[in-house]
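Spelled out from the first residue to the last, the chains are:
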Amino acid sequence: MESSVAMLNLRSQTPTLPGLERTQPLTFKIPNPNFSFTKKVPPSKSEERCSFVEHQLVQLSNQGKLKEAVGLLDSELRGRKIKRSTYISMLQACIDVNSMSEGRKIHAHINSVVDFEPDPYIGTKLVSMFSRCDDLKEARRVFDEMSQRNIFTWSAIIGGYAREGLWAPVTELFARMIQEGITTDAFLLPKVLQACGNLGLLRMGRTIHSMAIRMGFDGLLHVYNSLMAMYWKSGELNTARRLFDQMPLRDCVSWNTMISGYCAFNQNEEALKLFYQMQVEGIEPIPMTWNILIAGYNQVGNCDFALELLQRMKSHGCNPDVYTWTAMISGYSQNNRENEALSLFVEMLLAGIKPNGLTVTSALSVCADMKNLRRGMEIHSVGVKLGWATNLLVANALIDTYAKCGKLESARVVFDAVPERDIFTWNSMIAGYAQAGFCGKAHDLFCQIESSGIRRNTVTWNIMISGYMKSGDEEQALELFQEMETRDGVNRNTSSWNAIIAGSVQNGHSDKALQIFRQMLSLSVRPNQVTMLSILPAYANLLGAKKVRELHAYLFHVGLDSEAAIANSLIDTYSKSGNISCARIIFDRMLFRDIISWNSMIAGHVLHGQAKSAKALFDRVMSVGVTPDNITYTSMILTYGLLGVVTAGVELFSSIYEDSPSMPAQEHFSPMVFLFGRSGRVREAMEFIENMDLAPNSAVWNTLFTACRIHGNITLAVYAMEKLNELEHGNLTNLKILEQLYILEGRSEEASKLRKPVSTNRVMETLGYSCIEVNNLVYQFFTGDRPTPCFKSMDAKVDNFAQESKMTRHDSGFRGLHIYEEEGEDAVGIHSEKLAIAFSLINNDSSQPIRVVKNLRVCLDCHNYVKLISRVYGQEILLKDTSSLHHFKDGTCSCGDFW
């Protein structure tokens, strides 16, 4: 007998059946006698049922039928155990179909897993499921409760934060992982490097770079690409380029990464060189490559070349995708080319490309900026058809669009329909009410935010502050400004200060605005462009000259003066404050000029009566290829009027509408009347008005009246003033002028009807006064004031020059109508501008120009008086009245005696 198997002859024990006789003995191998036999127990019906159900669970999960799987789990296996592999399969299915609701139900059965104990594999799968199904909070809870974690667990939670763009937790968790002794792998490093780049954590990024070298990961292409991206995002573009040049092998991602870096630093020419080089090396650009370049050129304002790239992309057989079109639409929108942006949106639809949420949002933002309700509603309809209407970004853009277009009811309908609002939703609706003047409704929503569980942010407070300032309720605005830090713990930012400063300027409190600005600086809050653009216009007047220089000095100190928008504002402000030479210096030193720069400088020269300089600049505009706009044409028509070149002005006006299919702009009509009227062609001016496509406004009739007054056409002067009185009913100055005109025409009875009793306050509206700054103090003089003892030294001087100026009136050759906005000096006393100028002559430095601001149009006698002063004293005098800026020098005035 063998030791492992015994051979037994069983012939005698086996029955013999016919035809089945055996010729050989039947043998069986039986176990060694040292082993015992165990009888196999067949599975019970219950066990067979469990096995069948688990098979069904796996099959349903693999088919994505999770509701049926969970239902089966609840009905058939409640209180029973399931296999670990089955449970994991169901969790994976939740990840595959992104089903959070079913994932929670499956998680509730975790204790039903056979032999369940702290298992890093199941825990990792749960973390992965929750993070991929957009519940990072639950994923983190599961992660924190795990007693055992491996590299896959850490990768799952870090990957979850990375997908949501929450980069700070990514770096924190990675550092913690390393401290706990877990060795990273090559798949996790790119996520962490991406976080370092987005957070600008260069030092940590370099440490990870060293770690990659030590572990031998630096030779892996995807790690190399991530390192390059980290370096340029952290500001080390040259380091990224060195890595790029050292790469033994590059794929399309490598080229895209480096091109992105150059575009991010606005070095588009370098990016374009790489774009061409990659093709030379046999790497064909993919749509993403084209999109990076297109977005880069749009970012720097070169939308035309971006459009050219789009056309090249098509010719290369690479069809523009939704990201291409979105980049183009967004680029045109950001560069104030709104109509072209909307045309691109239509072209995209015609090309069969379905917009995504960002595309619809960009198009709606264009409509909001243009206040184009019709197109906004059309895009809303497109969004509804494509299923984007419930997208939060799109809903917020819709609220903003409807609110800016004045359709607050529609905005509120969208707002109420949003199931889960974020702070942007609330802010958009509050801003709509606040900007429309409904501060009460805005405040109601402002208070409701707290009960919604969303925390108000700085923007929310700033919207309310701005709304109250706009409505004139400065007290309530300042109260909110003071409360925001104590009530909500929200820090005031530069925009908070800007809202108060801009509101103060808007409400006519320039000095208060400057005081707030100085307080802002004392608290070390750094102003931005908006701050300066808000406060500079407050001093765009003759009395603000010194403060403009103060603000300019600050801008130079902080390096903001070179910004195009700031430089443009400085040009405008210096011009209006009487310092055209400083405005021109700033203009000439600008490295980049947009159409606003040219318009500001041309308008400045026109304001100062320097028509030849304005014409020379316009010629330069045309030679450098800058496209003029309506403002440019307005200034140029005025320029031709100053030059007396009527034909050229008419030709320019005609050319505007030959080149453009748009309707004539209202702002061009008054300059055209000025063009005819200044040259004495008042009949032609009247014919032009009669043939206008739009109803004449106050500016048109006032300009015609001025021409008629200067050239002595009383009939048209009366007609113009009657029309002006219809548009500005109740204006006492107009009534006073109309009364004088009726008397001159011999219509005394009609003149007497205009003399109705008025209140003292209304009389004050027509009382002349002048303001002047002397030794940093502003003095105000009223017509008829008698000088106090400190002014008596100028009595004789004023009277002497007043008499001489009256004599000058008779010798000046003036043949116009002696119609004035205030009573003659025989009736009311010395006019205020004479008192102001005499006071300045006594108390001010004669080397500095005298600057006077008057509330009424200066009369002929006073105009002659100031010309005489400027000649006798050699004193420059700037006088701004309601008609013109008069620059008196050597006995002449920049207005050319037409005002």
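Side note on the pairing of strand β4 (residues 877–880)
Across four bridges, strand β3 (residues 850–854) lies against β4 in parallel orientation. Looking at β4, one finds that Arg 851 is bridged to Leu 878. Viewed along the sheet, the connection from β3 through helix α47 (residues 860–873) into β4 turns out right-handed. Note: β4 against strand β5 (residues 885–889), four bridges, orientation antiparallel. Bridge assignment links Ile 877 to a residue of β5, and that residue is Phe 888.

Details of the packing of helix α37 (residues 669–678) against helix α39 (residues 698–711)
Across the interface, α37 lies against α39 with an axial gap of 8 Å and an inter-helix angle of 10°. With respect to their mutual orientation, α37 and α39 come out roughly parallel. Note on element contacts: α39 touches α37 through Ala 699, Val 700, Thr 703, Leu 704, Ala 707 and His 711, opposite Phe 669, Ser 670, Val 673, Phe 674, Gly 677 and Arg 678. Partitioned by chemical class, the residues of the contact of α37 with α39 number seven nonpolar, four polar and one charged.

Things to note about empty space enclosed by the protein
Applying the stated criterion to the full structure yields one cavity of 30 Å³ or more. Of the voids in this model, the largest cavity is the one considered here, and its volume is about 30 Å³. In terms of lining, the largest cavity is formed by Arg 709, Ile 819, Tyr 820, Glu 821, Arg 857, Val 858 and Cys 859. Broken down by class, the residue content of the lining of the largest cavity amounts to four nonpolar, no polar and three charged.

Details of the sheet that holds strand β1 (residues 769–774)
Taken in spatial order, the six strands of this open sheet run β2-β1-β3-β4-β5-β6, and their pairing is mixed. The two strands at the open ends of the sheet, each matched to only one other strand, are β2 (777–782) and β6 (892–893). In this structure, β1 lies alongside β2, joined through six bridges in antiparallel fashion. Along β2, the bridge assignment pairs Ser 770 with Phe 781.

Brief notes about the layout of surface pockets
Of the pockets and cavities examined, the largest pocket occupies roughly 1300 Å³. Only α31 (564–576), α33 (595–607), α35 (630–643), α37, α39, α40 (714–727) and α41 (732–744) provide two or more residues apiece to the lining of the largest pocket. The element that contributes the greatest number of residues to the lining of the largest pocket is α33, accounting for seven residues. In terms of residue class, the lining of the largest pocket is built from 19 nonpolar, 21 polar and eight charged.

Describing unusual backbone geometry
The phi dihedral of Lys 371 falls on the positive side, at around 55°, and the residue is not glycine. When you line up the elements, Lys 371 lands in the loop between α19 (357–370) and α20 (373–385). When its relative accessible area of 55% is taken as the criterion, Lys 371 is described as exposed. Of note, Ser 524 is a non-glycine position whose phi angle comes to about 60°, a positive value.

Concerning helix α25 (residues 458–470)
In this model α25 runs 18 Å from its N-terminal to its C-terminal C-alpha over 13 residues, within 8% of the 18 Å that 1.5 Å per residue would give. Most of α25 sits out of view: ten of its 13 residues are buried. Buried residues of α25: Thr 458, Thr 460, Trp 461, Asn 462, Ile 463, Met 464, Ile 465, Gly 467, Tyr 468 and Met 469, and no others. Its side-chain oxygen at 3.2 Å from the backbone nitrogen of Val 459, Asn 457 defines the N-terminal cap of α25. Among the residues trailing α25, Gly 472 stands out with phi positive, at a value near 90°.

Regarding the environment of Asn 568
Its place among the elements puts Asn 568 in helix α31. Here Asn 568 falls in the buried class, since its relative accessible area comes to 4%. Beyond its immediate stretch of four places on either side in the chain, Asn 568 contacts Met 590, Asp 594, Ile 596, Ser 597 and Ser 600. Side-chain polar atoms of Asn 568 contact the side chain of Ser 597, separated by 2.6 Å.

Structural notes on the packing of aromatic side chains
Per the stated rule, a full pass over the model turns up 19 aromatic pairs. Summarising the aromatic geometry, the rings of Phe 517 and Tyr 554 are spaced 5.8 Å apart at their centres and angled 85° between planes, so their arrangement reads as edge-to-face. Of this pair, Phe 517 sits in helix α28 (residues 510–522) while Tyr 554 sits in helix α30 (residues 545–558), and the two are 37 residues apart along the sequence. In this pair, the class of Phe 517 matches that of Tyr 554, namely buried. One aromatic cluster in this structure is built from Phe 653, Phe 669, Phe 676 and Phe 688. Seen from the ring of Phe 143, Arg 149 lies directly overhead, with NZ or CZ sitting 4.4 Å from the centre. The positively charged end of Arg 492 is found above the aromatic ring belonging to Phe 481, 4.5 Å away from the centroid.

Definitions and limits used
- Residues numbered from 1 in each chain as written.
- Predicted model: local features only at pLDDT ≥ 70, side-chain atom pairs only at ≥ 80, totals over all residues.
- Heavy atoms only, no water.
- Pairing = 2+ DSSP bridges.
- Helix = DSSP H or I, 4+ residues; strand = E, 2+ residues; numbered from the N terminus.
- Right-handed = clockwise from strand over helix to strand, strands pointing away.
- Axes fitted to C-alpha atoms, helices over the stretch in contact; angles between N-to-C directions.
- Parallel < 35°, antiparallel > 145°, perpendicular 65-115°, else oblique.
- Contact = heavy atoms within 4.5 Å.
- Nonpolar A, V, L, I, M, F, W, Y, C, P; charged D, E, K, R; others polar.
- 1 Å grid on protein atoms, 1.4 Å probe; cavity = no way out; pocket = protein on both sides within 12 Å on 5 of 7 lines; lining within 4 Å.
- Points joined across faces, edges and corners; volume = space filled by probe spheres on them.
- Buried < 20%, exposed > 50% of the residue type's maximum accessible area, 1.4 Å probe, protein only.
- Expected span 1.5 Å × (residues − 1).
- Polar contact = N/O pair within 3.5 Å; in protein donor to acceptor, adjacent residues only side chain to side chain.
- Phe/Tyr/Trp six-rings, centres within 6.5 Å; stacked < 30°, edge-to-face > 60°.
- Lys NZ or Arg CZ within 6 Å of the ring centre and 35° of its normal.

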